[in-house]
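Chain by chain, the residues:
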Amino acid sequence: GVSPGSAYPFAKNLQEEGVIFRNLKVVEKGFLLEEKLLKALTSCKYPSRNSKENVSDIIAQISANKVGEKELLNIIEIYSLPVVKAYMTYLKDYVEVKTRSFISKLPKDTYFFEDSLDDGSKIVLKITKMKDELSMDFSGSAPVNPNSLNANKSIVQSCIIYCLRCLLKEDI
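This section reports on the structure supplied with the text. Computed from a predicted model, the values in this text were never measured in an experiment.

Each value, and the rule that gives it
Residues numbered from 1 in each chain as written. Predicted model: local features only at pLDDT ≥ 70, side-chain atom pairs only at ≥ 80, totals over all residues. Heavy atoms only, no water. Helix = DSSP H or I, 4+ residues; strand = E, 2+ residues; numbered from the N terminus. Rg over C-alpha atoms; globule rule 2.2 N^0.38 Å. Buried < 20%, exposed > 50% of the residue type's maximum accessible area, 1.4 Å probe, protein only. Contact = heavy atoms within 4.5 Å. Core = buried A, V, L, I, M, F, W, Y, C linked by side-chain atoms within 4.5 Å. Pairing = 2+ DSSP bridges. Axes fitted to C-alpha atoms, helices over the stretch in contact; angles between N-to-C directions. Polar contact = N/O pair within 3.5 Å; in protein donor to acceptor, adjacent residues only side chain to side chain. Parallel < 35°, antiparallel > 145°, perpendicular 65-115°, else oblique. Left-handed = near helix turned anticlockwise from the far one by under 90°. Nonpolar A, V, L, I, M, F, W, Y, C, P; charged D, E, K, R; others polar.

Another point: the overall build of the protein. The secondary structure content of the protein amounts to five helices and five strands. Listed by position from the N terminus, the elements making up the protein come as α-β-β-α-α-α-β-β-β-α. A compact globule built from 172 residues should have a C-alpha radius of gyration of about 16 Å, whereas the protein, at 22 Å, is more than 25% larger. Reported as C-alpha extents along the three principal axes, the dimensions of the protein are approximately 55 × 55 × 20 Å. The buried share of the protein, reckoned over its 172 residues, is 15%. Relative to all contacts within the protein whose residues are 6 or more apart in sequence, the contacts with residues 24 or more apart total 38%.

We now examine the nonpolar core. In terms of nonpolar packing, the biggest core is built from six residues, these being V26, L37, L38, L41, V55 and I58. For this core, the secondary-structure elements that each account for two or more residues are α2 (34-42) and α3 (51-79). It is α2 that provides the largest number of residues to this core, a total of three residues. Not counting residues within four places of it along the chain, the set of residues in contact with V55 comprises L32, E34, L37, L38 and L41.

Moving on to the pairing of strand β3 (residues 110-116). Judged from the seven bridges that link them, β3 and strand β4 (residues 122-130) form a sheet pairing that is antiparallel. Bridge pairing in β4 links Y111 to I127.

This next bit is on the sheet that holds β3. Taken in spatial order, the three strands make up an open sheet running β3-β4-β5, and their pairing is antiparallel. Of all strands in the sheet, those with a lone pairing partner are β3 and β5 (133-137), marking the two edges. Going from strand to strand, the sheet's axes swing by 20° on average, the running direction of each strand aside. Pairing between β4 and β5: five bridges, direction antiparallel. Counterpart to K129 in the pairing with β5 is L134.

Before going further, it helps to spend a moment on the side chain of S48. Tracing the backbone through its elements, the reader meets S48 in the loop between α2 and α3. Look at S48 and you get buried, because its relative accessible area is 19%. Here S51 takes part through its backbone nitrogen, which lies 3.2 Å from a polar atom of the side chain of S48. The contacts of S48, once residues within four sequence positions are left out, are V19, L41 and N54.

One way to put it is that α2 packs onto α3 with a least axis distance of 10 Å and a crossing angle of 125°. Taken together, α2 and α3 sit at an angle that is classed as oblique. The way α2 lies across α3 gives a crossing that is right-handed. Listed contacts from α3 to E34, L37, L38, L41 and T42 of α2 are S51, K52, N54, V55 and I58. When the residues that make up the contact of α2 with α3 are grouped by side-chain class, the tally is five nonpolar, three polar and two charged.

Another aspect to go through is unusual backbone geometry. In this model, K131 sits at a positive phi of 60°, which is unusual for a non-glycine residue. Within the secondary structure layout, K131 lies in the loop between β4 and β5. Given the relative accessible area of 73%, K131 is considered exposed. With a phi close to 55°, K169 is a non-glycine residue in the positive phi region. Structurally, the position occupied by K169 is in the segment after α5 (153-168).

In structure tokens form, the structure reads like this:
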């Protein structure tokens, strides 16, 4: 990216934030395509400052995915795919019940929050409780910024889910 670090707040486009991989195949037949990866990291407008470290990070991510894949296939082999899918559904349902129960016990019906980003852009949030559901209204927040201090719908939803999960105070 334009500046060292993982999140340059004044980027005007994705390229200024860092190296962009467009459908880059980095593993083929179980082998890392390291030269191809290094070329992608170093041959762009804003190249990596430490491509060897980036390659190591990517190898670690690939390894973590392989472990996850191996463990998932292992439990599928032990219990069968239908049973694993059923338990995934049970877990999602259980979390929903716990979350709705938590929400229903909140003491107030409306909560307000206001803060601002590093550039002064306001974030305004009104949370309205309706029995065991919450409505999140960001009306009054700053419009889309011309820099990288924006969050798409998926990021906003993930943040809300994470905050609710932290408030549950239960092992799930």
